[in-house]
Every structure is written in structure tokens, then in C-alpha cells.
Amino acid sequence: MKISGRTILQRLYGFTRWGNRLSRVRYFRGHGVHSPFVYSIVRKVFMRSDLMRKSDLFDRLLLAGDIPYKRVVELCNLAEHCSYQTVGLDYEREGCDFVVLSAKFPTEELEAVAEAARISGITLAIVAPYANRERNEACRRIVAAHHSTTVDNRGYLLVFNNHLPKQHFKL
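In short, a report on the structure.

Procedures and definitions
- Residues numbered from 1 in each chain as written.
- Predicted model: local features only at pLDDT ≥ 70, side-chain atom pairs only at ≥ 80, totals over all residues.
- Heavy atoms only, no water.
- Core = buried A, V, L, I, M, F, W, Y, C linked by side-chain atoms within 4.5 Å.
- Buried < 20%, exposed > 50% of the residue type's maximum accessible area, 1.4 Å probe, protein only.
- Helix = DSSP H or I, 4+ residues; strand = E, 2+ residues; numbered from the N terminus.
- Contact = heavy atoms within 4.5 Å.
- Phe/Tyr/Trp six-rings, centres within 6.5 Å; stacked < 30°, edge-to-face > 60°.
- Salt bridge = Lys/Arg side-chain N within 4 Å of Asp/Glu carboxyl O.
- Pairing = 2+ DSSP bridges.
- Axes fitted to C-alpha atoms, helices over the stretch in contact; angles between N-to-C directions.
- Expected span 1.5 Å × (residues − 1).
- Arc of directions from axis to C-beta.
- Polar contact = N/O pair within 3.5 Å; in protein donor to acceptor, adjacent residues only side chain to side chain.
- Parallel < 35°, antiparallel > 145°, perpendicular 65-115°, else oblique.
- Left-handed = near helix turned anticlockwise from the far one by under 90°.
- Nonpolar A, V, L, I, M, F, W, Y, C, P; charged D, E, K, R; others polar.

Soluble globular proteins tend to bury their nonpolar side chains together. Counting residues in hydrophobic clusters, the biggest one holds 31 residues, and the most contacted among them are Phe 46, Leu 61, Leu 75, Phe 98, Val 100, Val 151 and Leu 158. Sorting the residues of this core by element identifies α3 (36-46), α4 (56-64), α5 (69-81), β1 (87-89), β2 (98-101), β3 (123-127) and β5 (156-159) as the ones contributing at least two each. Per element, the largest residue contribution to this core is six residues, and it comes from α5. Not counting residues up to four positions away in its chain, the partners in contact with Val 151 are Val 38, Phe 46, Tyr 156, Leu 157, Leu 158, Phe 160, Phe 169 and Leu 171.

Moving on: the packing of aromatic side chains. Per the counting criterion, the structure on display carries five aromatic pairs. Centre to centre, the rings of Tyr 84 and Phe 98 are 5.0 Å apart; their planes meet at 10 degrees, and the pair counts as stacked. With Tyr 84 in the loop between α5 and β1 and Phe 98 in strand β2, the pair connects residues that are 14 residues apart, well separated along the chain. Both residues of the pair, Tyr 84 and Phe 98, belong to the buried class.

This part is about the pattern of salt bridges. One pass over the full model with this rule turns up eight salt bridges. For the salt bridge of Arg 60 with Asp 56, the shortest nitrogen-to-oxygen distance reads 3.8 Å. Of this pair, Arg 60 and Asp 56 both sit in helix α4, four residues apart, which is roughly one turn of the helix. On the basis of relative accessible area, Asp 56 is assigned to the exposed category, the value being 52%.

A few words on the sheet that holds β3. Taken together, the six strands give an open sheet; going across it, the order is β1-β2-β3-β5-β4-β6, and neighbouring strands pair in mixed fashion. Only two strands of the sheet have a single neighbouring strand rather than two, namely β1 and β6 (167-170). Sheet twist, expressed as the average angle between the axes of neighbouring strands with direction ignored, equals 15 degrees. In this structure, β1 lies alongside β2, joined through three bridges in parallel fashion. Bridge pairing in β2 places Gly 88 opposite Val 99. Together, β2 and β3 form the strand contacts of helix α6 (residues 110-120), whose direction differs from that of β3 by roughly 160 degrees.

Next up on the list: helix α7 (residues 133-145). With 13 residues, α7 should reach 18 Å at 1.5 Å per residue; the first-to-last C-alpha distance of 18 Å fits that figure. Looking only at α7, the buried set comprises Arg 135, Asn 136, Ala 138, Cys 139, Ile 142 and Val 143. One face of α7 carries all of its buried residues, which in axial projection span an arc of 165 degrees. Those residues of α7 that are exposed and angled more than 90 degrees off the buried face are Arg 133, Glu 134, Arg 140, Ala 144 and Ala 145. Buried residues belonging to α7 abut β2, α6, β3, β4 (149-152), β5 and β6. The N-terminus of α7 is capped by Asn 132, whose side-chain oxygen sits 3.4 Å from the backbone nitrogen of Glu 134.

Attention now moves to the packing of α6 against α7. When two helices pack together, their arrangement is given by the angle between their axes and by how far apart the axes lie. Between α6 and α7, the least distance of the axes is 9 Å, while the angle of their chain directions is 25 degrees. Classified by the angle their axes make, α6 and α7 are roughly parallel. You can see that α6 and α7 cross each other, and the crossing is right-handed. Residues Leu 110, Glu 111 and Ala 114 of α6 form the contact with α7, whose own contacting residues are Arg 135, Ala 138, Cys 139, Arg 141 and Ile 142. In terms of residue class, the contact of α6 with α7 is made up of five nonpolar, no polar and three charged.

Put into C-alpha cells, the structure is as follows:
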């Protein structure tokens, strides 16, 4: 018997795609984030749509061409919020506090760069972690092997190499 004119299968259409969304719902707007550091990033960086301060990083990320404007603003605000002094893009890693690996960066090099960043204490932002299956699997291996906090907000994966405990947040 159909009350609404649609069968059960028609009403349940689309629930198969909810797996990723349902796993992230508890972190919506910072609720469920039990780390003060990550909570402040969610509230002061991800939920802010304007630039805190214009820097050369903003222009460099826009010129990279493969990072959406909203994500560029978030990455610049993150660099300002965490007080990173030097920021590198792709292969500019020497002497940097924070490195952004764009979507053009080769997938097969991601794990080696993540290990080098762990040794030197650099924070990584891997843009487009879900671009293809190989990149997604490489990012999953990085998160599984990482000893500190990682934050995945769909647009990029943040890999912090500091004193924070091993935690993974999917926002």
C-alpha cells in the first residue's frame, strides 16, 4: 500500500550516498569536537568567509589555479590563526612551517612528503584528498600512520605535526 504515491524503494532512493555525510554529521559546526585546538580552527577558520589578513600566500594559492576561492581563504586564515611564519606551496618545503600540496602534486609522492613533514615538524595541507581513488587511498594511509591530529574537511586534509594526541576529525 502506498500512502504517498511512492513505493518504499522510491522513498529510500539516495540513502546509499549518505554514508560519508552521516559519518561527518557529529562534527557539524564544531559540535562533538573535543579538542580545543580543533574547535577553535572550526569556529575561527572554517566558519569564517572573509580573510583575516591579506598575504602573499593568498595570491600564490590563487595563481596555483586548482584550489577553489573558499578553500584559499580558509588556508590563508589557518596560516594566520596558527601563526605560521613561512608557508610553502608544493615543492617549496625548506624552512617552512606550513606546506600546501595542491591537487597537481603527484599522488605517489604524498606519503614520502608526509613522512618528511613528520620528521621536521611541518604542518601539511593536502588539497583534493578525494580527487581520485589513488589519492584517497594515499591520504587514508597517511592518516592511519600519523601520530598526531589530522583534520579532513573534504576540500583538503590537514596533517598537524605537533604535540597533539592522535585524533582524526572528518568535518
